[in-house]
Amino acid sequence: MPVSAATAGQKISNDLSRCQAGNGPAVLVNISGVKAASGKIRVQSYRGTKAEWLKKGAWINRIEAPAKNNNMTFCVPVPSSGMYGIAVRHDVNGNGKTDISKDGGGMSNNPSINIFNLGKPSYKKTKFAVGDEVKSISIKMKYL
């Protein structure tokens, strides 16, 4: 099912109250290993399909927040129950560009990332099911 115009590309705030019990469907994303309190952390949700995972413009919700050292928590609402993937990026210097040697990233299910997949593992390795509940996941940041 393609992303609808009503849910595609929404920039939202990090409202943790939306992840309280009974407020689903949503994903509570616990991020660990943020290496510096500089720049921005970007969390994006995608449908867990080959057609949409990490495709430009196919993200559903995006939350950006100033980076904090070590651990951060985000609440990412999703439009309905289904399969989703979460991608996290740390723009360490806040320049809006991907600096491979400085910036970090992580994805749902913490797949291995290497030079051969250039940080873009298959949707099969990152997708997870969300029902009508608040689903809690953990993502470990990776840096070169």
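Our subject is the structure that appears above.
Throughout what follows, the structure given in this document is the object of discussion. For clarity, every value in this text was computed on a predicted model and none was experimentally measured. (Residues numbered from 1 in each chain as written. Predicted model: local features only at pLDDT ≥ 70, side-chain atom pairs only at ≥ 80, totals over all residues. Heavy atoms only, no water.)

**Points about the overall build of the protein chain**
Inference 1: What the protein chain contains, in helices and strands, is 1 helix and 10 strands.
Inference 2: A compact globule built from 144 residues would reach a C-alpha radius of gyration of about 15 Å, and the protein chain, at 14 Å, matches this within 12%.
Inference 3: For the protein chain, the C-alpha atoms occupy an extent of roughly 40 × 30 × 25 Å along the three principal directions.
Inference 4: The contacts in the protein chain between residues at least 6 apart in sequence include a share of 73% that link residues at least 24 apart.
Inference 5: Carbon and sulfur atoms make up 53% of the accessible area of the protein chain, which totals about 7700 Å².
Inference 6: One finds the centroid of the 21 positive side-chain charges in the protein chain at a distance of 7 Å from the centroid of its 8 negative side-chain charges. (Helix = DSSP H or I, 4+ residues; strand = E, 2+ residues; numbered from the N terminus. Rg over C-alpha atoms; globule rule 2.2 N^0.38 Å. Contact = heavy atoms within 4.5 Å. Areas by Shrake-Rupley, 256 points an atom, 1.4 Å probe, with all protein chains shown as cover. Lys, Arg positive; Asp, Glu negative; His and termini not counted. Charge placed at Lys NZ, Arg CZ, Asp CG, Glu CD.)

**What to know about the side chain of Arg-89**
Inference 1: Note that Arg-89 resides in strand β6 (residues 82–91).
Inference 2: Among the residues examined, Arg-89 registers a relative accessible area of 19% and is labelled buried.
Inference 3: Reaching out from Arg-89, the side chain makes a polar contact with the backbone oxygen of Lys-97 at a distance of 2.7 Å.
Inference 4: Not counting residues within four places of it along the chain, the set of residues in contact with Arg-89 comprises Lys-40, Ile-41, Arg-42, Gly-96, Lys-97, Thr-98, Asp-103, Gly-104, Gly-105 and Met-141. (Buried < 20%, exposed > 50% of the residue type's maximum accessible area, 1.4 Å probe, protein only. Polar contact = N/O pair within 3.5 Å; in protein donor to acceptor, adjacent residues only side chain to side chain.)

**A word on the state of the cysteines**
Inference 1: Applying the stated rule across the entire model yields 1 disulfide.
Inference 2: For Cys-19, the disulfide goes to Cys-75, at an S-S distance of 2.1 Å. As the torsion about the S-S bond is roughly 90 degrees, the Cys-19-Cys-75 disulfide counts as right-handed. Within this pair, whereas Cys-19 is found in the loop between β1 (10–11) and β2 (26–34), its partner Cys-75 is found in strand β5 (residues 70–77), the two being separated by 56 residues in sequence. (Disulfide = S-S within 2.5 Å.)

**Concerning the environment of Gly-82**
Inference 1: Locating Gly-82 in the fold gives a position in strand β6.
Inference 2: Distance in space between the C-alpha atoms of Gly-82 and Lys-140 is 23 Å, their sequence separation being 58 residues.

**Here we look at a positive patch on the surface**
Inference 1: A contiguous patch of positive charge, built from Lys-50, Lys-55, Lys-120, Lys-124 and Lys-127, is present on the exposed surface.
Inference 2: With respect to the helices and strands, the residue Lys-120 is situated in the loop between β7 (104–107) and α1 (123–126). (Patch = residues over 30% accessible without salt bridge, like charges linked within 9 Å, V, L, I, M, F, W, Y side chains within 5 Å. Salt bridge = Lys/Arg side-chain N within 4 Å of Asp/Glu carboxyl O.)

**Some details on the nonpolar core**
It is characteristic of soluble globular proteins that their nonpolar side chains tend to be buried jointly.
Inference 1: Membership of the largest hydrophobic core comes to 22 residues, with the highest contact counts inside it found for Val-29, Ile-31, Ile-41, Phe-74 and Ile-86.
Inference 2: Elements with a minimum of two residues in this core: β2, β3 (40–47), β4 (61–66), β5, β6, β8 (128–130) and β9 (134–140).
Inference 3: Of all the elements, β2 adds the most residues to this core, at 4 residues.
Inference 4: The contact partners of Phe-74, leaving out residues within four places of it in the chain, are Asn-14, Leu-16, Val-27, Leu-28, Val-29, Ile-31, Ile-41, Val-43, Ile-63 and Ala-65. (Core = buried A, V, L, I, M, F, W, Y, C linked by side-chain atoms within 4.5 Å.)

**Brief notes about the side chain of Asp-91**
Inference 1: Position of Asp-91 relative to the elements: it lies in strand β6.
Inference 2: One buried charged residue, Asp-91, remains without a salt bridge, the closest side chain of opposite sign being Arg-89 at 4.0 Å.
Inference 3: Each residue touching Asp-91, except ones within four places of it in the same chain, is listed here: Ser-38, Gly-39, Lys-40, Gly-96, Lys-97 and Asp-103.

**Some thoughts on the environment of Gly-106**
Inference 1: Examined against the element boundaries, Gly-106 turns out to sit in strand β7.
Inference 2: When the C-alpha positions of Gly-106 and Ala-51 are compared, they lie 20 Å apart, and in sequence the two are 55 residues distant.
Inference 3: With sequence-adjacent residues up to four places away left out, Gly-106 is seen in contact with Ile-86, Ala-87, Val-88, Ile-139, Lys-140 and Met-141.

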